[in-house]
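Below, each chain spelled out in residue letters.
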Amino acid sequence: MIYRTLGKQGLKVSCLGLGGVPMNHMTPEKIISLIRECHDYGINLIDIYMAQTWLRDSIGAAIAGKREEYILQGHIGTMEEDGNTVRTRNLSETKASFDALRRSLKSDYIDVGMLYFIDSDEDYRNVFESEIIEYAQKLKDDGIIRSIGMGSHNPATALRAVRTGLIDVLMFSINPAYDMASPDADIDTLKDHEGFSDSGMKIDPARQKLYAFCEQNGTSITVMKSLGAGTLLSATASPFGKALTVPQCIQYGLDRPAVASVILGLRNSEEIKGALSYFDTSAEERDYSYIFHDHERIVANGRCMYCNHCQPCPEGIDIASVTKYLDIALVAGEVTATIRDHYNALKKNADDCIACRSCEERCPFSVSISENMSKAQEVFS
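Residues numbered from 1 in each chain as written. Predicted model: local features only at pLDDT ≥ 70, side-chain atom pairs only at ≥ 80, totals over all residues. Heavy atoms only, no water.

Regarding the packing of aromatic side chains
In the structure shown here, the tally under the stated rule is 7 aromatic pairs. The interplanar angle of 5° and the centroid separation of 3.9 Å between the aromatic rings of Tyr343 and Phe380 together place this pair among those described as stacked. Taken together, the residues Tyr343 in helix α13 (residues 337–344) and Phe380 in helix α15 (residues 369–380) connect sequence positions 37 residues apart. Across the pair, Phe380 and Tyr343 agree in class, each one buried. (Phe/Tyr/Trp six-rings, centres within 6.5 Å; stacked < 30°, edge-to-face > 60°. Helix = DSSP H or I, 4+ residues; strand = E, 2+ residues; numbered from the N terminus. Buried < 20%, exposed > 50% of the residue type's maximum accessible area, 1.4 Å probe, protein only.)

Thoughts on helix α1 (residues 28–40)
The terminal C-alpha atoms of α1, which comprises 13 residues, lie 18 Å apart, in line with the 18 Å expected from a rise of 1.5 Å per residue. For α1, the complete set of buried residues consists of Ile31, Leu34, Ile35, Glu37, Cys38 and His39. Buried positions along α1 lie against β3 (16–18), β4 (45–48), α2 (53–63) and α10 (269–276). Gly42, located one to two residues past α1, shows a positive phi value of around 95°. (Expected span 1.5 Å × (residues − 1). Contact = heavy atoms within 4.5 Å.)

A few points about the packing of helix α3 (residues 91–105) against helix α5 (residues 131–141)
It is the contact of α3 with α5, at a shortest axis distance of 10 Å, that shows an interaxial angle of 30°. Taken together, the axes of α3 and α5 lie roughly parallel to each other. α3 and α5 meet at a crossing whose hand is right-handed. Only Glu131, Ile132, Tyr135 and Leu139 of α5 make contact with α3, whose side of the interface consists of Leu91, Thr94, Lys95, Phe98 and Asp99. A class-by-class count of the residues in the contact of α3 with α5 yields 5 nonpolar, 1 polar and 3 charged. (Axes fitted to C-alpha atoms, helices over the stretch in contact; angles between N-to-C directions. Parallel < 35°, antiparallel > 145°, perpendicular 65-115°, else oblique. Left-handed = near helix turned anticlockwise from the far one by under 90°. Nonpolar A, V, L, I, M, F, W, Y, C, P; charged D, E, K, R; others polar.)

Regarding the pairing of strand β9 (residues 145–152)
The side chains of a regular strand alternate, residue by residue, between the two faces of the sheet. A large share of β9 lies buried, amounting to 7 of its 8 residues. Looking at chain direction, strand β8 (residues 110–115) and β9 are connected through 5 bridges and run parallel. Bridged to Met114 within β9 is Gly149. Of the pairings in the sheet, the one linking β9 to strand β10 (residues 169–173) comprises 4 bridges and is parallel in character. Residue Gly149 lies in a different strand from β10, and its bridge partner there is Val169. Handedness of the β-α-β unit built from β9, helix α6 (residues 155–162) and β10 comes out right-handed. (Pairing = 2+ DSSP bridges. Right-handed = clockwise from strand over helix to strand, strands pointing away.)

With respect to the environment of Pro205
For Pro205, the position within the fold is in helix α8 (residues 205–217). The sequence separation of Pro205 and Met180 amounts to 25 residues, and the corresponding C-alpha distance is 9.2 Å.

Re the pairing of β4
Side-chain alternation along β4 places Leu45 and Asp47 on one buried face and Ile46 and Ile48 on a second face that is also buried. With 4 bridges connecting them, β4 and strand β5 (residues 71–76) associate as parallel partners. Bridge pairing links Asp47 to Gln73 in β5. Handedness of the β-α-β unit built from β4, α2 and β5 comes out right-handed.

What about the environment of Val223?
Structurally, the position occupied by Val223 is in strand β12 (residues 220–224). Here Val223 falls in the buried class, since its relative accessible area comes to 0%. On a C-alpha basis, the gap between Val223 and Leu16 in space is 9.4 Å, while along the polypeptide they are 207 residues apart. Not counting chain neighbours up to four residues away, the residues in contact with Val223 comprise Phe172, Ile174, Gly253, Val259, Ser261, Val262 and Ile263.

Below, the structure written as structure tokens:
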């Protein structure tokens, strides 16, 4: 397992996390078995948006005696109604449900208190201009949560929230299809081919800006929807008309700036092993660039996708990382101390480029890598 830093508190999370959606359809015994098997393989991050008492109790039973070995994302703003999880912005309901979560988990604290499902201006106002955000801040001040997080599918709303400086962890929907969508696309309809018809789809600049801002300001991202509800794994269902593998979807998520972990809705041993196969695949097998290559409906030429298809560099430069930090600096309009530190930590950087352009011959997106290296030398000098 690979571990990455989650947020400013320095929490160490597995690069693969466990999502809760499939647990809604499991027995308590299966939930306990699933969580413990994931733990055996080093998966320590669990997202808990579910509000059903029996389900939370099952998670509590699974982690009993090993609470310190888990990083838990517990959502603020969900409650149980008629046996289902529903959203609430009522402060008393929010408090009661979050207190009940801690009782079920038999834990005095939750690692990340995730403000639940903020996807619009109205959602933003109902949380960030209300007692809800004050409650979250008090939870953090009192040590009941270590970090304040937020879940969202909307890049504009997410960026607005992250810019407040209150959000340490952002749970965001990331996969190639969503990143290629227009900013006003309905996240629930992107699995349909029609969403990628008519004019070509470009990489969404709003998403680029969000990822860069998070990286620049130390806000970590945990990824949801990495498989596009499974549609990306099927050539007939995928909007690209080409299938990806689970390791390729994981790699895509982990390649985005600021991402700490990719959370998967695993249901059984087979799916756990399918996710873990990521660690047994080669860089070539994880490569996802072919879904964009020569695709008439996708406009990606000239834009680095951080896929490292350009490797190997004869000078040992991590081209994707250099380009990623360059893009972040250009989006921000400045080189912050954080980005400079990340850039300087690279063993080799743009200063080591000999402009041989062998990388450009391998790049599937016709990126002018040599020009990017020159620009990086200028920006980071």
